[in-house]
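# Structural features, examined
Read off the chains here:
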Amino acid sequence: MRVGLYPGSFDPITNGHIDIIKRSLAVVNKLIVGIGISATKTPMFSLEQRMAMIESEMGPIAKTMGTELSVTSFEGLLVDVARQQGANLIIRGLRTAADFDYEAQMTSMNRAMAPEIETVFLAASANVGFISSTLIRQIHAMGGDVSPFVPRVVLDNI
Ligand code: PNS
């Protein structure tokens, strides 16, 4: 039984996240999307909004694919939430070599703390590999159009 945990801030969910979630749903039996709460960052969207947007966007797709999906939030260590949720895989999307350097270090640290949990990297699809929530927030704050990069539900909540 493959239970995947896909963690992130999802502030907001982007077409890049959707790509990774769809492809994760195809390889796990159950997927948990975990929204990490950062005490230091002031988010663009509340935790409740982020959870609702992910559920409404991905719930029907998960159903179609026959894979169980849940959305949760966590504070503290990723490996702790993975254990609590019964996940044996952590899924991370990679866009660039810079992503890899950072992710590889986090993965090694997580493996040192929780050797029973495997991290898998999914390479972003080419058409969305340049999208990041940080850039979306910046573009939106400066009056730019973010509609090519995020799902409809995010535009509806802006
Ligand atoms: O949206 P992001 O920035 O890719 O999400 C980052 C997140 C939430 C996955 C990361 O900050 C995280 O793993 N936070 C939990 C804290 C933790 O476990 N730190 C030690 C990792 S080595």
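Residues numbered from 1 in each chain as written. Predicted model: local features only at pLDDT ≥ 70, side-chain atom pairs only at ≥ 80, totals over all residues. Heavy atoms only, no water.

### So, the packing of aromatic side chains
One pair of aromatic rings is described through two measures. These are the centre distance and the angle between the planes. Quick note on the threshold: Centres within 6.5 Å make a pair out of two Phe, Tyr or Trp rings, where for Trp the six-membered ring is used; the pair is then stacked when the planes are under 30 degrees apart, edge-to-face when over 60, and tilted otherwise. Working definition: with a 1.4 Å probe on protein chains only, accessible area under 20% of the residue-type maximum means buried, over 50% means exposed, and in between means partly exposed. Only DSSP runs of H or I covering at least 4 residues are called helices, and only runs of E covering at least 2 are called strands; the numbering of each starts at the N terminus.
Per the counting criterion, the structure on display carries three aromatic pairs. Between Tyr 6 and Phe 10 the ring centres are 5.3 Å apart and the planes differ by 75°, which places this aromatic pair in the edge-to-face class. Residue class for Tyr 6 comes out buried when judged on its relative accessible area of 5%. Overall, Phe 10 belongs to the buried group, its relative accessible area being 2%. Residues Phe 130 and Phe 149 carry aromatic rings whose centres are separated by 6.1 Å and whose planes lie at 90° to one another, so their mutual orientation is edge-to-face. With Phe 130 in the loop between strand E5 (118-123) and helix H5 (133-141) and Phe 149 in the loop between H5 and helix H6 (152-157), the pair connects residues that are 19 residues apart, well separated along the chain. Assessed through its relative accessible area of 52%, Phe 130 is described here as exposed.

### Some remarks on the sheet that holds strand E4 (residues 89-94)
Spelled out, the test is: A strand pair is defined by DSSP finding two or more bridges across the two strands. Here, axes are lines fitted to C-alpha atoms. For helices the fit covers the stretch in contact, and angles between N-to-C directions go from 0 to 180 degrees. Contacts are residue-level and defined by heavy atoms, with any inter-residue pair within 4.5 Å sufficient.
On the basis of which strands lie adjacent, the open sheet formed by five strands has the order E3-E2-E1-E4-E5 and parallel pairing. A single partner strand is all that each edge strand has here, and the edge strands are strand E3 (68-74) and E5. This sheet shows a mean twist of 30° between the axes of neighbouring strands, independent of strand direction. Where E4 and E5 come together, six bridges link them in parallel fashion. Paired with Ile 90 across the strands is Thr 119, a residue of E5. Against the sheet, helix H3 (residues 78-85) engages strand E1 (3-8), strand E2 (30-36), E3 and E4, with an angle of about 145° to E1.

### Here we look at a nonpolar patch on the surface
How we decide: Each patch is built from residues lacking any salt bridge and having more than 30% relative accessible area; the joining distance is 9 Å for like charges and 5 Å for nonpolar side chains (Val, Leu, Ile, Met, Phe, Trp, Tyr). To be clear on the numbers: accessible area is Shrake-Rupley with a 1.4 Å probe, and residue cover counts the displayed protein chains and nothing else. By salt bridge we mean one thing: a side-chain nitrogen of Lys or Arg within 4 Å of a carboxyl oxygen of Asp or Glu.
There is a patch of nonpolar side chains on the surface, built from Leu 77, Met 109 and Met 113 and spanning about 280 Å² of accessible area. Locating Met 113 in the fold gives a position in helix H4 (residues 97-113). Note on Met 113: relative accessible area 36%, which makes it partly exposed.

### Here's the deal with the site of the ligand
The cut-off we apply is this: Any residue with a non-hydrogen atom lying within 4 Å of a molecule or strand is treated as near it. N or O atoms within 3.5 Å of each other form a polar contact, as long as, within protein, one can give a hydrogen and the other can take it, and as long as residues adjacent in sequence are counted only when both atoms are side-chain atoms. Amino acid classes used here: Ala, Val, Leu, Ile, Met, Phe, Trp, Tyr, Cys and Pro are nonpolar; Asp, Glu, Lys and Arg are charged; the rest, including Gly, are polar.
Residues in close proximity to the ligand include Pro 7, Gly 8, Ser 9, Phe 74, Gly 76, Leu 77, Leu 78, Arg 92, Met 106, Met 109 and Asn 110, which together make up its full environment. Between an oxygen atom of the ligand and a main-chain N or O atom of Leu 78, the distance comes to 2.8 Å. Taking Arg 92, its side chain carries an N or O atom lying 2.8 Å from an oxygen atom of the ligand. If you list the elements that add at least two residues to the shell around the ligand, you get E1 and H4. Across the shell around the ligand, the residue classes break down as six nonpolar, four polar and one charged.

### Examining the pairing of E4
Applied cut-off: Crossovers are marked right-handed if the path from the first strand over the helix to the second runs clockwise, as seen with the strands pointing away from the viewer.
Along E4, five of the six residues are buried, which leaves the element largely enclosed by surrounding structure. Regarding topology, H4 serves as the crossover connection from E4 to the parallel E5, and that connection is right-handed.

### Quick notes on the environment of Ser 108
Within the secondary structure layout, Ser 108 lies in helix H4. Expressed as a C-alpha distance, the spacing of Ser 108 and Thr 119, which sit eleven residues apart in the sequence, is 9.1 Å.

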